[in-house]
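# Residue-level structural notes
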Amino acid sequence: MAEAGSSADRVKQQADIVRVVGEYVRLKKSGQNFTGLCPFHGEKTPSFAVHPVKQIYHCFGCGKGGDVFNFVMEMEKCSFPEAVRIVAEKCGIAIPRPKERSPEERKENQQRAVLTEMHREAQTFFVKQLETTAEGKAARAYLEDRGLDEEAIGRFGIGYAPSGGDLLLRHLKQKYPDKLMAESGLVSRDQSGARLFDRFRRRITFPIANESGKIVAFGCRALGNDQPKYLNSPETPIYSKSNVLYHLDRAKDALRRENFAVLVEGYMDAIAVARAGISNVVASCGTSLAEPQIKLLGRFTKRVIVNYDPDAAGQAATERSVSLLLEHDFEVRVLALPAIGDKKADPDLFIREKGIDAYVKALQEAPPYVDYLIARARLMDLTTGEGKLRALNFLMPYVQKIPNRILRSEWATRIAQQLRIDEPVLRAALSKAANERRSEVKTQPELVGKAAKPVERRLIRMLVEAEGFKRELAQRLQQGRLHQGLETERILGALIAAGLSEEPMTPTEVAALLEERERRLFYEILFEPAQEGTWEEAESCLEALRGRRIEQELAQVQREIENNPPAAGMRELLARKQELLRRRASGQ
Ligand SMILES: [Zn+2]
């Protein structure tokens, strides 16, 4: 893949796979490798390893593996050239601009670039409207009333979409064709499709940026009583609601540093929490969290405090989100803010009324989701058997999602105590739930672990690592065709070809020649702790293969003899058998 001398090759040589992978996975040093939780399959104990010397990764659970480019391609769901560019960017390596592949791709890239540019211009436009117009002045008064001063307005890029109905349209029209403007979502078409007008009118605008900080959409709040109260950008080629978390672009460092996220519902909440000094806050910008958002967040931390609105919709969203987060192995706590007077408090209101310290304290004391859910269940009528059953049925789906048996058992005790349910009865229900869960768990991909014999494993390692003699070793294997018939025949075959070729090949390039199952085995072998091989050891491995080859031939000859062939054939077979026995005895 990476041709020698190409920019991909250069990037690969300079890039540090540990650093790149480390941006997505929390890695810990373990022996000569780094290990962490695999980003490609759900797991509790790390089976994902990165080899800093060979610059490869491999997951012993799901079998994914490759070099730094494979990793980025898989993670970002992007093409090879894109992966090269991303790695180069992350590692600060300069590369020439990539050539796009197809005309369609070029067109799409151009379109995305123009749409992003249009959003940048719209942002400038909205900010200017807020700052300089009479309408903007009213909007500023409203923001001030909500506790958003000039500093906050500047920091979060808050702007104003005027009521005129075509001001932004006229502004953009000077540079962009109608079709593109309509695709940006900033402008809408009327029902006839003939006329364009501004999508956002008389609204406060909040720019929504993607992970890398580029504005891709706007969230807008009505200034007056216009409906809907909140109106966001539609799905466009650069924006998909379920793939974006508001404020993530600014929260990344804090998420890694604090190793937990505060998850809120809307951008006003996120802004209020971030302004309180808690930068590791993100908003789902919708009533519930979507799966891609969870995966996105999981790249930075697996611990979340959910702090949604306390209304019915918020509670339902909390329960759905908890459930989904548990499925993705998150550690979840839930903060349900107490009402202020008779007002239910969202984070924004709570911080304004009670202050930053009170909010920080509430966050610190946020209970594990278990307690939150039990508290919710206790609100049900527990005086009757039916009521208890309803409460239990409310809790059971969550229990089923807990992968850990000890935790499940702790739950049982807590639920029994809190709901005053007979513990043995509850445990029976729990274990039934656990069994149902087990039947749903898909069988792990077959581990090919100990398939290859130790000798084959050692030879594979030496063919990769023994700079001093790997060529010689490849020649000897090739001459004796000693790899034929082995389980690792194809791996050895590829390594022999690599060893004999003039151009040196990296392990990843060799892996690219293999089928999936063999590639996995190959990576597993590369990650085994092993000492450096010596020529002596190589020779004894060759010897073992030769011995094995003789045994196989002997067995074959013996079978043919037992078939009792005609005399001439029999004589030949007996002679062959003698020859093989002699060679076996002399060890040649
Ligand atoms: Zn995996």
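See the structure printed just above.
Attention here is on the structure that accompanies the text.

The rules behind the values
- Starting afresh in each chain, residues are numbered from 1 along the sequence in its written order.
- Under the rules for a predicted model, residues below a pLDDT of 70 receive no local features and side-chain atom pairs below 80 are neither given nor counted, while totals for whole chains, interfaces and linings still include all residues.
- The side-chain quantities take in all heavy atoms of the structure and omit both hydrogens and water.
- Secondary structure is summarised from DSSP: a helix means a run of H or I of at least four residues, a strand means a run of E of at least two, and numbering begins at the N terminus for each.
- In this treatment the radius of gyration is a C-alpha quantity, and the globule benchmark scales as 2.2 Å times the residue count to the 0.38 power.
- Any residue under 20% of the maximum accessible area for its type is buried, any over 50% is exposed, and the rest in between are partly exposed; the area is computed with a 1.4 Å probe on protein chains only.
- In what follows, residue pairs with any heavy atoms lying within 4.5 Å of each other are defined as contacts.
- Computed with the Shrake-Rupley method and a 1.4 Å probe, the accessible areas treat only the protein chains shown as cover for residues.
- Charge counting follows a simple rule: Lys and Arg are positive, Asp and Glu are negative, and His as well as the terminal groups are ignored.
- Charge positions come from single atoms, namely NZ of Lys, CZ of Arg, CG of Asp or CD of Glu.
- Note on donors: an N, O or S atom is included if it sits within 2.8 Å of the metal, or within 3.2 Å for Na, K and Ca, and water is never included, so sites can look incomplete.
- The rule is simple: four donors are tetrahedral if all their angles sit between 85 and 135 degrees, four are square planar and six octahedral if opposite donors span more than 155 degrees and the others lie between 65 and 115, and anything that fits none of that is irregular.
- Grid spacing is 1 Å over the protein atoms alone, the probe is 1.4 Å, and a cavity is where that probe fits but cannot get out, while a pocket is an open set with protein on both sides within 12 Å along at least five of seven lines and lining residues have an atom within 4 Å of a point.
- Grid points are joined across faces, edges and corners, and a volume is the space filled by probe spheres set on the points.
- Nonpolar residues are Ala, Val, Leu, Ile, Met, Phe, Trp, Tyr, Cys and Pro. Charged residues are Asp, Glu, Lys and Arg, and all others, Gly as well, are polar.
- Pairing of aromatic rings covers Phe, Tyr and the six-membered ring of Trp, with a centre-to-centre limit of 6.5 Å; geometry is then stacked below 30 degrees between planes, edge-to-face above 60, and tilted otherwise.
- Each patch is built from residues that are more than 30% exposed by relative accessible area and take part in no salt bridge. Like charges join if they lie within 9 Å; nonpolar side chains (Val, Leu, Ile, Met, Phe, Trp, Tyr) join within 5 Å.
- A pairing counts as a salt bridge when a side-chain nitrogen of Lys or Arg comes within 4 Å of a carboxyl oxygen of Asp or Glu.
- Between any two strands, at least two bridges found by DSSP are needed for them to pair.
- Only the stretch in contact is used when fitting a helix axis, every axis being a line fitted to C-alpha atoms; angles between N-to-C directions are given from 0 to 180 degrees.
- Put simply, angles under 35 degrees are roughly parallel, angles over 145 are roughly antiparallel, angles from 65 to 115 are roughly perpendicular, and the rest are oblique.
- Note: crossing handedness is left-handed where the near helix turns anticlockwise from the far helix by less than a right angle, and right-handed where it turns clockwise.

Below, the discussion takes up the overall build of the protein chain. In terms of regular secondary structure, the protein chain is built from 26 helices and 15 strands. Its C-alpha radius of gyration of 32 Å places the protein chain more than 25% over the 25 Å reference for a compact globule of 588 residues. The principal-axis extent of the C-alpha atoms belonging to the protein chain is close to 110 × 70 × 45 Å. Burial analysis of the protein chain (588 residues in total) assigns 46% to the buried set. Sequence separation of at least 24 residues holds for 63% of the intrachain contacts in the protein chain that already meet a minimum separation of 6. Total accessible area computed for the protein chain in this model is approximately 30,100 Å², and 50% of it derives from carbon and sulfur atoms. Treating the 91 positive side-chain charges of the protein chain as one cloud and the 83 negative ones as another, the clouds have centres 1 Å apart.

Protein-derived coordination of the zinc ion comes from C38 (SG), H41 (ND1), C59 (SG) and C62 (SG), at a distance range of 2.1 to 2.3 Å. Given 4 donor atoms and angles of 101 to 118° at the metal, the environment of the zinc ion is assigned as tetrahedral.

Attention now moves to empty space enclosed by the protein. By the definition in use, this model includes 3 cavities of 30 Å³ or more. By volume, the largest cavity amounts to about 50 Å³. Counting residues per element, the ones that place at least two in the lining of the largest cavity are strand 14 (303–306) and strand 15 (331–334). A per-class count over the lining of the largest cavity returns 4 nonpolar, no polar and 3 charged.

Within the structure shown, the criterion is met by 18 aromatic pairs. With centroids separated by 5.7 Å and ring planes inclined at 65°, the aromatic side chains of F40 and F71 adopt a geometry described as edge-to-face. Here F71 lies in helix 3 (residues 68–76) and F40 lies in the loop between strand 2 (33–36) and strand 3 (48–51), a separation of 31 residues in the sequence. As far as burial versus exposure is concerned, F40 and F71 are alike and both buried. Seen in terms of ring centroids, F469 and W535 are 5.4 Å apart; in terms of plane orientation they differ by 65°. Their pairing is edge-to-face.

What follows concerns a negative patch on the surface. On the surface, a cluster of negative charge is contributed by E131, E144, D145 and E150. Here E144 is to be found in helix 6 (residues 134–145).

The subject of this paragraph is unusual backbone geometry. The omega angle of the peptide bond from Q227 to P228 is -10°, so this bond is cis rather than trans. Tracing the chain through its elements places P228 in the loop between strand 10 (215–222) and strand 11 (230–232). Of note in this structure, N259 is not a glycine but carries a positive phi near 55°. With respect to the helices and strands, the residue N259 is situated in the loop between helix 10 (248–258) and strand 12 (261–264).

The next point concerns the pattern of salt bridges. Counted according to the given criterion, the structure contains 36 salt bridges. Here R195 and D190 are joined by a salt bridge, their closest N and O atoms 3.8 Å apart. Residue classification places R195 among the partly exposed positions, given a relative accessible area of 49%. Classification of D190 as partly exposed rests on a relative accessible area of 22%. Ionic pairing is found between E467 and K470, a salt bridge with its closest N-O pair at 3.4 Å. Given a relative accessible area of 62%, E467 falls into the exposed group. When salt bridges with common partners are traced through the structure, they connect K54, R461 and E465 into a single cluster.

Along the chain, Q123 turns up in helix 5 (residues 103–132). Sequence-distant contacts of Q123, that is, excluding residues within four places in its chain, are made with G157, P207, I215 and F218.

Let's shift gears to the pairing of strand 4 (residues 56–59). Burial of the side chains of strand 4 extends over both faces: I56 and H58 are buried on one face and Y57 and C59 on the other. Where strand 3 and strand 4 come together, 4 bridges link them in antiparallel fashion. Paired with H51 across the bridge in strand 4 is I56. Connecting strand 3 to the antiparallel partner strand 4 that follows it, the hairpin turn spans 4 residues, and Q55 within it adopts a positive phi of roughly 60°. By the bridge criterion, 3 bridges tie strand 4 to strand 5 (residues 65–67) in an arrangement that is antiparallel. Opposite Y57, over in strand 5, you have G66 as the bridge partner.

A few words now on the layout of surface pockets. When its volume is computed, the second largest pocket comes out at roughly 940 Å³. Looking at the second largest pocket, it is lined by 35 residues, and the ones nearest its centre are K470, P504, M505, T506 and P507. Sorting the residues of the lining of the second largest pocket by element identifies helix 1 (7–14), helix 20 (454–465), helix 21 (470–480), helix 22 (489–500) and helix 23 (507–511) as the ones contributing at least two each. Residues that form the lining of the second largest pocket fall into these classes: 13 nonpolar, 9 polar and 13 charged.

Packing of helix 21 against helix 25 (residues 535–562) brings their axes to within 11 Å, and their N-to-C directions diverge by 10°. Between helix 21 and helix 25, the angle is such that the two are roughly parallel. Contacts between helix 21 and helix 25 involve E472, L473, R476, L477 and G480 from the former and W535, A538, E539, L542, L545, R546 and R549 from the latter.

So, about the environment of S323. Here S323 shows up in helix 13 (residues 312–327). On a C-alpha basis, the gap between S323 and K401 in space is 7.6 Å, while along the polypeptide they are 78 residues apart. In this structure, S323 is in contact with Y398 and K401, ignoring residues within four places of it in sequence.

Another aspect to go through is the sheet that holds strand 13 (residues 281–283). Judged by pairing direction, the sheet is parallel, and its 4 strands sit side by side in the order 13-12-14-15 without closing on themselves. Taken across any chain shown, the strands that pair with only one partner, and hence form the sheet edges, are strand 13 and strand 15. On average, each strand axis in the sheet is inclined to that of its neighbour by 30°, with strand direction left out of account. Where strand 12 meets strand 13, 3 bridges bridge the pair, whose relative direction is parallel. The residue of strand 13 that forms the bridge with V264 is A283.

Helices that pack against each other are described as a pair by the angle of their axes relative to one another and the distance between those axes. Relative to each other, helix 17 (residues 385–401) and helix 18 (residues 405–419) sit at 160°, their axes nearing to 12 Å. It follows from the interaxial angle that helix 17 and helix 18 lie roughly antiparallel. Crossing of helix 17 over helix 18 shows right-handed handedness. For the pair formed by helix 17 and helix 18, the contact residues are K388, A391, L392, L395, Y398 and V399 on the first element and R408, W411, I415 and L419 on the second. Looking at the contact of helix 17 with helix 18 residue by residue, the classes come out as 8 nonpolar, no polar and 2 charged.

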